[in-house]
Amino acid sequence: MKKKFFTLAVAIMLFSAIGMAQGPQGGPGKGGQKQQPGIEQMIRELELDKSQEVKFRDAMRELEPNDRGKGGPQAQKGKNSDDMKSKRKEVDKKVKKILTKKQYKKYQNMMP
């Protein structure tokens, strides 16, 4: 009986460790999509000065969703997609004004 219990406990720990090692579902590498880096990481890699950092953060906040949970995930998928594309274009224009040419090129390479 002890042998069966021990084997079961080892199996549970093994599968738990494998599950944790895989990370969150839909993480990097899923579907060949490049994951967008976080704002903090982008600020470090772009080497922004304080003035640029404040303006960059403000611009990037515009991309954050502000109406979660309205009508379910499929309710306005087409409309939301178009809205996000137009927001991304607006933010991209603002970011281009904030960054130097070298920083902007690096920023473009970071984005999916």
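Quick note: structure is the one above.
Residues numbered from 1 in each chain as written. Predicted model: local features only at pLDDT ≥ 70, side-chain atom pairs only at ≥ 80, totals over all residues. Heavy atoms only, no water.

Okay, the packing of aromatic side chains next. One pass over the full model with this rule turns up two aromatic pairs. Members of the aromatic cluster, joined through ring pairs, are Phe 56, Tyr 104 and Tyr 107. (Phe/Tyr/Trp six-rings, centres within 6.5 Å; stacked < 30°, edge-to-face > 60°.)

Attention now moves to the packing of helix 2 (residues 39-46) against helix 5 (residues 101-110). In contact at an axis separation of 10 Å, helix 2 and helix 5 are set at 145° when each is read in the N-to-C sense. You can see that helix 2 and helix 5 cross each other, and the crossing is right-handed. Across from Met 42, Glu 45 and Leu 46 in helix 2, the residues of helix 5 making contact are Gln 103, Lys 106, Tyr 107 and Met 110. Considered class by class, the residues forming the contact of helix 2 with helix 5 number four nonpolar, one polar and two charged. (Axes fitted to C-alpha atoms, helices over the stretch in contact; angles between N-to-C directions. Helix = DSSP H or I, 4+ residues; strand = E, 2+ residues; numbered from the N terminus. Left-handed = near helix turned anticlockwise from the far one by under 90°. Contact = heavy atoms within 4.5 Å. Nonpolar A, V, L, I, M, F, W, Y, C, P; charged D, E, K, R; others polar.)

All told, the structure shown has four salt bridges when counted by the stated rule. Glu 62 is the salt-bridge partner of Lys 94, the closest N and O atoms lying 2.6 Å from each other. Placement of the pair is Lys 94 in helix 4 (residues 77-98) and Glu 62 in the loop between helix 3 (50-61) and helix 4, with a sequence separation of 32 residues. Among the charged side chains, a network of salt bridges with common partners joins Glu 40, Glu 53 and Arg 57. (Salt bridge = Lys/Arg side-chain N within 4 Å of Asp/Glu carboxyl O.)

As far as function goes, none of this settles anything; it's purely spatial.
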